[in-house]
Amino acid sequence: MISSTLHSCTEEDAAPPPGGAFRMAAVEFRSAPASLELGEGHVAMTVPMARPGEPGHRETWWCEEPPEIGAAGGIRFALGDEVAFCAATIEHRSVYAPVVERRYREVFDFLEGHGYRRLLRVWNFIETINAANADGLEVYRDFCKGRSDAFAAHPEFYNSMPAATGIGTTGSGISFFLLAVKDTEVRHIENRRQTPAYRYPERYGPRSPSFARATAMTARRGEPPTLFVSGTASILGHETVFEGDIEKQCATTADNIAELIANCYGPSKALADVDTVKAYVRHAHHVPFVQAFCEATFGGAALAVFNVDICRGDLLVEIEAVVGGAAVRV
Ligand SMILES: C=C(O[C@@H]1C=C(C(=O)O)C=C[C@H]1O)C(=O)O
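Worth saying up front: this structure is predicted, and the values here are computed from it rather than measured.

Colleague: When you look at the packing of aromatic side chains in this model, what are you seeing that I'm missing?
Modeller: Two numbers describe a pair of aromatic rings. These are the distance of the centres and the angle of the planes. In this structure the tally under the stated criterion is 17 aromatic pairs. Here Phe-85 and Phe-177 contribute two aromatic rings whose centre-to-centre distance is 5.3 Å and whose plane-to-plane angle is 25°, an arrangement assigned as stacked. Taken as a pair, Phe-85 in strand 8 (residues 83-90) and Phe-177 in strand 11 (residues 174-181) lie far apart in primary sequence, 92 residues in all. Grouping residues by exposure puts Phe-85 and Phe-177 together as buried. A cation sits over an aromatic face here: Lys-269 above Tyr-265, 5.3 Å from the ring centre. Stacked on the ring of Tyr-200, the Lys or Arg Arg-312 has its end atom at 5.0 Å from the ring centre.

In structure tokens:
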């Protein structure tokens, strides 16, 4: 099926994880311009997420059979028998919505044309995410408008929105990549502590964000699902809580993630069972605290911490996670 490994860029990829023998994609979160190429049998992507001097992290996606890799317009893809990896980049624009809609629809058309009917997980890296675009609209809200319009044009995806991350980047433009499946069972999960993002009131933008709080993928009947937890923050209902308080924002974020794990696994799993964690921290001086908080909270999970902006100006931290289905390394 699919699994992932997360390493420092200073390390070579170790052996493939259990269940994954072929590299689909290697995504390097580094201090370098965005790039998207076809490597040796896999997609090679660079997302500007690290600061100068930081080594960055590499997330590698693996599958059990040799993927078909290729290009279709601006899309770079790796297609497994059951799971697809697709990625695209968008150069800097003064207004993003129209090109975000166009690029997302290109990817959706490609996926539907190749039988990958269900979105599993999407990651979006958005330049100057809190700045105003040329029309005075916050860039994140501009992005959400284009994405929402693309989903609206694809009812099958609109009615089954996946887990996602929408986060700042240290570079320019927008990069995104996603995982989609053909027939594998997926279940999108909401958090009873939070308003579904796709139902946020208009005060958060002309279109609400298009994502679920988490997505559970059951690769094989009888096996526990893999849980992809969206970027999660200190939001209760639809409001940010504990503005200015990094410790309470971390604690609330962890409580929100714990709720999603309980929804998926019941009492059989908890925060200490998380395999992979990526944390996003607005202020550099909070990075050490968040690093220590994640190490203490998520046990031996593979961890990457990035100093980037977050989708709401009053959020100090955001954390995403994967439970199960991934072999991890620090
Ligand atoms: C933190 C939140 O949203 C962020 C933005 C997302 C998006 O727009 O895809 C997804 C998860 C988070 O990265 C939230 O609304 O709770």
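Colleague: Explanation requested: the pairing of strand 18 (residues 302-307) in the structure shown.
Modeller: Consecutive side chains of a regular strand alternate in pointing toward one face of the sheet and then the other. Counted residue by residue, strand 18 has six buried out of six residues, so it is predominantly covered. Burial along strand 18 is two-sided: Ala-302, Ala-304 and Phe-306 facing one way and Leu-303, Val-305 and Asn-307 facing the other are all buried. Of the pairings in the sheet, the one linking strand 17 (residues 276-281) to strand 18 comprises six bridges and is parallel in character. Note on strand 18: the bridge partner recorded for Val-281 is Asn-307. You can see the chain leave strand 17, run along helix 5 (residues 287-297) and come back into strand 18, and the turn it takes is right-handed.

Colleague: Got a minute to help me understand the UniProt feature "active site" (unreviewed entry) in the protein chain in this structure?
Modeller: Taking the numbering used here, the UniProt-annotated feature "active site" (unreviewed entry) corresponds to Glu-318. You can see Glu-318 is positioned in strand 19 (residues 317-323).

Colleague: Just to check I follow, could you spell out the layout of surface pockets for this structure?
Modeller: Space left empty within the atom packing is revealed by a probe, the size of a water molecule, rolled over the atoms. In this structure, the largest pocket encloses a volume near 310 Å³. What lines the largest pocket is a set of 23 residues, among which Tyr-140, Tyr-200, Ile-235, Cys-311 and Arg-312 lie closest to the centre. Looking at the lining of the largest pocket, the elements with two or more residues in it are helix 2 (139-152), strand 10 (163-168) and strand 14 (226-232). Residue classes in the lining of the largest pocket are distributed as 10 nonpolar, six polar and seven charged.

Colleague: Sorry if this is basic, but what is going on with the sheet that holds strand 3 (residues 35-38) here?
Modeller: Pairing between the strands of a sheet comes from backbone hydrogen bonds, and it takes one of two forms, parallel or antiparallel. The strand order across the open sheet built from five strands is 1-5-2-4-3, with neighbouring strands paired in mixed fashion. This sheet does not close on itself; its edge strands, each paired only once, are strand 1 (2-8) and strand 3. Pairs of neighbouring strands in the sheet enclose a mean axial angle of 15°, with direction left out of account. Relative to strand 5 (residues 57-63), strand 2 (residues 22-30) runs antiparallel, the two sharing seven bridges. The residue bridging Phe-29 from the neighbouring strand is His-57, located in strand 5.

Colleague: Can you walk me through the site of the ligand in this structure?
Modeller: Taken together, the neighbourhood of the ligand is formed by 15 residues, with Tyr-140, Arg-147, Tyr-200, Arg-213 and Glu-318 sitting nearest. Contact distances for the ligand include 2.9 Å between an oxygen atom and a backbone N or O atom of Gly-166. Within the side chain of Glu-318, a nitrogen or oxygen atom sits 2.4 Å from an oxygen atom of the ligand. Of all the cavities here, the one that holds the ligand is the largest pocket. Sorting the residues of the shell around the ligand by element identifies helix 2 and strand 10 as the ones contributing at least two each. For the shell around the ligand, the element with the highest residue contribution is strand 10, accounting for three residues. Class assignment of the residues belonging to the shell around the ligand gives a composition of eight nonpolar, four polar and three charged.

Colleague: What is the right way to read unusual backbone geometry from this model?
Modeller: Across residues other than glycine, the phi torsion is negative in most instances, and most of the peptide bonds are trans. One non-glycine residue with positive phi stands out, namely Thr-128, at about 35°. Considering the arrangement of structural elements, one finds Thr-128 in the loop between strand 9 (118-126) and helix 2. At Phe-242, a position not held by glycine, the phi torsion is positive, near 65°. Positionally, Phe-242 belongs in the loop between strand 16 (239-240) and helix 4 (246-265). Judged by relative accessible area, Phe-242 falls into the partly exposed class, the value being 38%.

Colleague: Explanation requested: the environment of Met-49 in the structure shown.
Modeller: Within the fold, Met-49 resides in the loop between strand 4 (43-48) and strand 5. Separated by 186 residues in the primary sequence, Met-49 and Ile-235 place their C-alpha atoms 24 Å from one another. Each residue touching Met-49, except ones within four places of it in the same chain, is listed here: Phe-29, Arg-30, Phe-125, Ile-167, Gly-168, Thr-169, Thr-170, Tyr-280, Phe-306 and Val-308.

Colleague: I'm lost on the nonpolar core in this one. Help?
Modeller: One recurring pattern in soluble globular proteins is that nonpolar side chains are buried together. Counting residues in hydrophobic clusters, the biggest one holds 77 residues, and the most contacted among them are Met-49, Phe-85, Tyr-104, Leu-111 and Phe-177. Setting aside anything within four residues of it in sequence, one finds Leu-111 in contact with Ala-84, Cys-86, Tyr-116, Leu-119, Phe-157, Leu-178 and Ala-180. Formed by 30 residues, the second largest nonpolar core is a distinct cluster that contains Ala-216, Ile-246, Cys-250 and Val-274.

Colleague: Honestly, the pattern of salt bridges in this entry has me stumped. Any pointers?
Modeller: Close approach of charged atoms allows side chains with opposite charge to pair. One pass over the structure, following the stated rule, counts 17 salt bridges. Arg-30 is the salt-bridge partner of Glu-28, the closest N and O atoms lying 2.6 Å from each other. Where Arg-121 meets Glu-320, a salt bridge forms, and the shortest distance between an N and an O atom there is 3.5 Å. Separated by 199 residues along the polypeptide, Arg-121 in strand 9 and Glu-320 in strand 19 bring together distant segments of the chain. Judged by its relative accessible area of 1%, Arg-121 is buried. Relative accessible area serves as the criterion here: at 3%, Glu-320 is assigned to the buried category. Overlapping salt bridges bring together Glu-59, Arg-121, Lys-278 and Glu-320 as one network.

Conventions adopted
Residues numbered from 1 in each chain as written. Predicted model: local features only at pLDDT ≥ 70, side-chain atom pairs only at ≥ 80, totals over all residues. Heavy atoms only, no water. Phe/Tyr/Trp six-rings, centres within 6.5 Å; stacked < 30°, edge-to-face > 60°. Helix = DSSP H or I, 4+ residues; strand = E, 2+ residues; numbered from the N terminus. Buried < 20%, exposed > 50% of the residue type's maximum accessible area, 1.4 Å probe, protein only. Lys NZ or Arg CZ within 6 Å of the ring centre and 35° of its normal. Pairing = 2+ DSSP bridges. Right-handed = clockwise from strand over helix to strand, strands pointing away. UniProt positions renumbered as here; feature names shortened; annotations may be inferred. 1 Å grid on protein atoms, 1.4 Å probe; cavity = no way out; pocket = protein on both sides within 12 Å on 5 of 7 lines; lining within 4 Å. Points joined across faces, edges and corners; volume = space filled by probe spheres on them. Nonpolar A, V, L, I, M, F, W, Y, C, P; charged D, E, K, R; others polar. Axes fitted to C-alpha atoms, helices over the stretch in contact; angles between N-to-C directions. Near = heavy atom within 4 Å. Polar contact = N/O pair within 3.5 Å; in protein donor to acceptor, adjacent residues only side chain to side chain. Sits in = over half its atoms within 2 Å of the grid points. Contact = heavy atoms within 4.5 Å. Core = buried A, V, L, I, M, F, W, Y, C linked by side-chain atoms within 4.5 Å. Salt bridge = Lys/Arg side-chain N within 4 Å of Asp/Glu carboxyl O.

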